[in-house]
Amino acid sequence: MLLSSTNTLENKDIVKYHGLVTGESLIGANVYKDLFSGVRDVVGGRTSKYEEEVQKARELALNSMKEKATEKGANGIIGLKISYNNLGGTMGNTILVTAYGTAISYK
Amino acid sequence: MRLNAETQEKLDDIGEAAFCITLGTIAGLLTYEFCLMINLAILGWNLGLAFSPLAAGYVETYFANKYMGETTGAVSAFILFAVTVVYGFIIANPTLGFNVITVGALFVILQAAIPTLINYFVIIVVLAVISYMSGIFKKIMGFLYKCWMKLKSKITGVNYPLIRPIEENNNYDESLEIDINDLGVLLLSTTHLWDQEIIKYNGVYEGKVIYKSKHPMGFEQNEKLLLEDMKKVKNQAISNLCNSARDDGCNGILDLTLEYDILDGSGTVCHVTAHGTGVILKKSDTWN
């Protein structure tokens, strides 16, 4: 599955547009507890644990989106956008990771 | 005209009470003025708001006890309440004119002045809130609407619809299962189509949904429920976007963008927006 944030693909013919595909994942409040328990991970203001969790959530969202594209018979996703949104407050400082793009078939 | 002894005594009592109330009010006003003068404030709150009614009540009660042997009900404290609320919140700082404290203070003053009327008012408000929350109010209004429409149809001979037309709903509806690619509009996150003809650009369209979380966080199960809700909310926002674009004859949305914003400080209300450019595309095998 080819992923691209561009509008078209150079030297490729887009033969079909399948529409919008999305993928979501959530980084839960438990991550913060894990972060506080692993203070030794904090080096120069960065926490490896935090980066790991964000990376994991991003992968989950992308995989979910790719699965949907595959189901539609697409072999590429263009105009890809990824956003991170802190839902905060009583929703438990959860971070919603959203990936979406246009599923296409190209040759 | 000569007054009898009883009436004379009553008038004396009223005079003494008025004198005590006046003394209390003067003491309260002086305290408030002093607090304002030295700017006795914590976090923007002038302590005169609390001290002046206290001083007024204390002075009034002290003199009432001394001269009359009984209290006069700390009337000057309520007068100072009114004065400080009107001056502090409305005249001196009009940006704080209408808030919970102002309304609360005014309510206390009114409650002291006309308790029976205010209590009836509170009962009516409580009943109205309960009926609104439980949906009884809506049912009653629906019934009245039906009756009125039937009567109107009878009188005019014209058939009017008995159900109110549904207005655009921006609130999250849990029961809606939407397939975003089955809405009759081609959704694209790209700004243009490859080798496709765009007949007309119809402008920017937007679909939004307000979502209020019902799941307290910290439990894995609730996080899963929240994620499922967010997926549905997003689909509903896209569906609202498609509906408004389709009404104008659009069959495609370009540069579709999703946004998630937390609206209130406590973070319980999420506003999900889908917006994009509505276009009329020439029918093609590349999409349909």
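Computed from a predicted model, the values in this text were never measured in an experiment. (Residues numbered from 1 in each chain as written. Chains lettered and ligands numbered in written order. Predicted model: local features only at pLDDT ≥ 70, side-chain atom pairs only at ≥ 80, totals over all residues. Heavy atoms only, no water.)

(A) Looking closely at the overall build of chain B. A count of helices and strands for chain B gives seven helices and six strands. Taking all 288 residues of chain B together, the buried fraction comes to 33%. Restricting the contact set of chain B to residue pairs at least 6 apart, pairs at least 24 apart contribute 67%. (Helix = DSSP H or I, 4+ residues; strand = E, 2+ residues; numbered from the N terminus. Buried < 20%, exposed > 50% of the residue type's maximum accessible area, 1.4 Å probe, protein only. Contact = heavy atoms within 4.5 Å.)

(B) Quick peek at the confidence of the model for chain B. Mean pLDDT over chain B: 80, with 82% of residues reaching 70 or higher. Predicted as a complex, the structure gets a pTM of 0.55 and an ipTM equal to 0.81. (pLDDT = per-residue confidence, 0-100.)

(C) Region of the structure containing the pairing of strand E6 (residues 95–106) of chain A. Residues and elements named next belong to chain A. Within E6, 12 of the 12 residues are buried, leaving the element largely enclosed by the surrounding structure. Inspection of the sheet shows strand E2 (residues 14–27) paired to E6 by 12 bridges, in the antiparallel sense. What sits directly across from isoleucine 14, in E6, is tyrosine 106. Two elements, strand E5 (residues 76–86) and E6, share nine bridges in a ladder whose sense is antiparallel. Across the sheet, glycine 76 pairs through a bridge with isoleucine 104, a residue of E6. (Pairing = 2+ DSSP bridges.)

(D) Expanded view of the environment of B:Ala245. Residues and elements named next belong to chain B. Of note, alanine 245 is situated in helix H7 (residues 220–247). Residue classification places alanine 245 among the buried positions, given a relative accessible area of 0%. Taking the C-alpha atoms as reference points, alanine 245 and tyrosine 205, separated by 40 residues in sequence, lie 6.3 Å from one another.

(E) Molecular detail of the packing of aromatic side chains. All names here are of chain B. Enumeration over the complete set of coordinates arrives at three aromatic pairs over all chains. With a centroid separation of 6.1 Å and an interplanar angle of 10 degrees, the aromatic rings of phenylalanine 63 and tyrosine 67 are classed as stacked. Remark: tyrosine 67 and phenylalanine 63 occur in helix H2 (residues 48–67); sequence separation between them is four residues, near one turn of the helix. Its relative accessible area of 22% is what places phenylalanine 63 among the partly exposed residues. A connected cluster of aromatic rings, assembled from ring pairs, spans Tyr62, Phe63 and Tyr67. (Phe/Tyr/Trp six-rings, centres within 6.5 Å; stacked < 30°, edge-to-face > 60°.)

(F) Spatial organisation of the sheet that holds E5(A). The strand order E1-E5-E6-E2 (chain A) describes an open sheet built from four strands, whose pairing is mixed. If you trace the sheet from one side to the other, it starts and ends with strand E1 (2–3) and E2 of chain A, each paired once.

(G) Quick look at helix H1 (residues 5–37) of chain B. If you check H1(B), its first and last C-alpha atoms are 47 Å apart, about what 33 residues at 1.5 Å a residue would give, namely 48 Å. Backbone geometry just downstream of H1(B) places B:Asn39 in the positive-phi region, at approximately 50 degrees. (Expected span 1.5 Å × (residues − 1).)

(H) Focus on the pattern of salt bridges. As enumerated under the stated definition, the model contains seven salt bridges over all chains in all. Note that A:Glu24 and B:Lys234 form a salt bridge whose closest N and O atoms lie 2.8 Å from each other. Taken together, the residues A:Glu24 in strand E2 and B:Lys234 in helix H7 connect one chain to another. Of the two residues examined, A:Glu24 and B:Lys234, each falls in the buried class. (Salt bridge = Lys/Arg side-chain N within 4 Å of Asp/Glu carboxyl O.)

(I) Representation of the sheet that holds strand E6 (residues 269–281) of chain B within the structure. All names here are of chain B. Judged by pairing direction, the sheet is mixed, and its four strands sit side by side in the order E3-E5-E6-E4 without closing on themselves. The sheet terminates laterally at strand E3 (186–187) and strand E4 (198–212), the two strands that pair on one side only. The pairing of E3 with strand E5 (residues 252–262) spans two bridges and is classified as parallel. Looking at E5, one finds that leucine 187 is bridged to isoleucine 253.

(J) Inspection of the packing of H1(B) against H2(B) at higher detail. All names here are of chain B. Interaxial distance between H1 and H2 falls to 7 Å at its minimum, and their mutual angle equals 150 degrees. Viewed along their axes, H1 and H2 adopt a mutual orientation that is roughly antiparallel. Crossing handedness for the pair H1 and H2: right-handed. Together, Glu16, Cys20, Ile21, Leu23, Gly24, Ala27, Gly28, Thr31, Tyr32 and Cys35 of H1 and Gly48, Leu49, Phe51, Ser52, Ala55, Ala56, Val59, Glu60, Phe63, Ala64 and Tyr67 of H2 make up the contact between the two elements. When the residues that make up the contact of H1 with H2 are grouped by side-chain class, the tally is 14 nonpolar, five polar and two charged. (Axes fitted to C-alpha atoms, helices over the stretch in contact; angles between N-to-C directions. Parallel < 35°, antiparallel > 145°, perpendicular 65-115°, else oblique. Left-handed = near helix turned anticlockwise from the far one by under 90°. Nonpolar A, V, L, I, M, F, W, Y, C, P; charged D, E, K, R; others polar.)

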